[in-house]
Amino acid sequence: MTTTTPLRLLVIPASAREGSLNRRLAACAAAMARADGIDVHVLDLRALALPVYDGDLEAAEGVPAGALELQRAVLAADALLVVTPEYNGFPTPLFVNAFDWLSRIPATEANPSGLAATAERPVALLSASPGPAGGLRSMNFVRQYLQMAFAMLVVPQQFALGRAHEAFDAQGGLKEPRAAQAVQGVVQSLARLALRLRAPG
Ligand SMILES: Cc1cc2nc3c(=O)[nH]c(=O)nc-3n(C[C@H](O)[C@H](O)[C@H](O)COP(=O)(O)O)c2cc1C
């Protein structure tokens, strides 16, 4: 399929902290995607300033503005790339809280529901951890969460970067060619699926 409009990729690091290994991995993947001609936006989940989900808050004030901002970013993307740490075998509260809020956005005449925004949208997963398994368990929960609750199309290819604190060179690139190839492979699989799904024209 040929197209002149670049694919739009939303990269979501699920850790926002200064020096985050997952943010570094997300930056590598974003650079690879840009080199392939993809239009990349990296989202800062912390900047959404979302409170911990609270049904009473929702009843009193509705869904926070940050959730609508996340929805706008999702709607503006052909594909998502989530780069997740592992906290006790699980994804981060930062990520799950943001997507839980997203799932609470109701449909209006002007705006689709949060779940309508994610449905049938392709997404790929990466993770990084100083541990040897690189956050694999967390990534598998994210896969299930996004598939089952958000009806997203999670590409089969994924990559967990182990020993991530030793994995980057001074320029922020991945030292190990095999790791770089694995990240590139995930990005390219995602791009192929997104291109297939994108309506012609
Ligand atoms: C609450 C908590 C739980 C953690 N549990 C795990 C774990 O189950 N597996 C693992 O590989 N690393 C675990 N870690 C270590 C993280 O992988 C490490 O802090 C990592 O650098 C976090 O990602 P970031 O650098 O992108 O912020 C945990 C860290 C925290 C703070």
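Residues numbered from 1 in each chain as written. Predicted model: local features only at pLDDT ≥ 70, side-chain atom pairs only at ≥ 80, totals over all residues. Heavy atoms only, no water.

**Some details on the pairing of strand 1 (residues 8-13)**
Two faces make up the sheet, and in a regular strand the side chains alternate between them. The line we're drawing: Exposure is judged per residue with a 1.4 Å probe applied to protein chains only, and the accessible area is read against the type maximum: over 50% gives exposed, under 20% gives buried, and values in between give partly exposed. Helix numbering and strand numbering both begin at the N terminus, where a helix is a DSSP run of H or I of at least 4 residues and a strand a DSSP run of E of at least 2. We call a crossover right-handed when, viewed with the strands running away from us, the connection from the first strand over the helix to the second turns clockwise.
The element strand 1 is largely enclosed, with a buried count of five among its six residues. Regarding the hand of the β-α-β motif, the stretch spanning strand 1, helix 1 (residues 21-35) and strand 2 (residues 39-42) is right-handed.

**Re unusual backbone geometry**
For residues besides glycine, phi is generally negative; the peptide bonds are generally trans as well. Its identity as a non-glycine residue notwithstanding, Asn-88 has a phi of 50 degrees, on the positive side. Assignment of secondary structure puts Asn-88 in the loop between strand 3 (79-84) and helix 4 (93-103). Although it is not a glycine, Ala-151 sits at a positive phi angle of roughly 55 degrees. Residue placement: Ala-151 occurs in the loop between helix 6 (136-148) and strand 5 (153-161).

**Here's the deal with the site of the ligand**
Going by this rule: Near, as used in this document, describes a residue that has one of its heavy atoms within 4 Å of the molecule or strand being considered. For this analysis, a polar contact is any N or O atom pair within 3.5 Å, provided that within protein one partner can donate a hydrogen and the other can accept it, and provided that sequence-adjacent residues contribute only side-chain to side-chain pairs. The protein chains shown are the only cover counted for residues, whose accessible areas, like all others here, come from Shrake-Rupley with a 1.4 Å probe. Residues were grouped as follows: Ala, Val, Leu, Ile, Met, Phe, Trp, Tyr, Cys and Pro as nonpolar; Asp, Glu, Lys and Arg as charged; and all remaining residues, including Gly, as polar.
Taken together, 13 residues sit near the ligand, with Ser-15, Ser-20, Asn-22, Asn-88 and Ser-129 positioned nearest. Interatomic distance of 2.6 Å between a side-chain N/O atom of Ser-20 and an oxygen atom of the ligand. Between an oxygen atom of the ligand and a side-chain N or O atom of Asn-22, the distance comes to 2.7 Å. Bound to the protein, the ligand loses 69% of the 620 Å² it would expose on its own. Class assignment of the residues belonging to the shell around the ligand gives a composition of four nonpolar, six polar and three charged.

**Focus: the pattern of salt bridges**
Stated formally: A pairing counts as a salt bridge when a side-chain nitrogen of Lys or Arg comes within 4 Å of a carboxyl oxygen of Asp or Glu.
Here the structure, examined in full by the defined rule, presents five salt bridges. Of the charged contacts, one joins Asp-78 and Arg-8 as a salt bridge, the two residues approaching to 3.1 Å between their closest N and O atoms. Of this pair, Asp-78 sits in the loop between helix 3 (65-75) and strand 3 while Arg-8 sits in strand 1, placing them 70 residues apart in sequence. Classification of Asp-78 as buried rests on a relative accessible area of 12%. Taking the shortest distance from any N to any O, the salt bridge between Glu-166 and Arg-163 comes out at 3.1 Å. The class for Arg-163 is partly exposed, based on a relative accessible area of 42%. Put simply, Arg-8, Asp-78 and Arg-198 are held in one network by salt bridges that share partners.

By themselves, these observations are geometric and do not establish any function.
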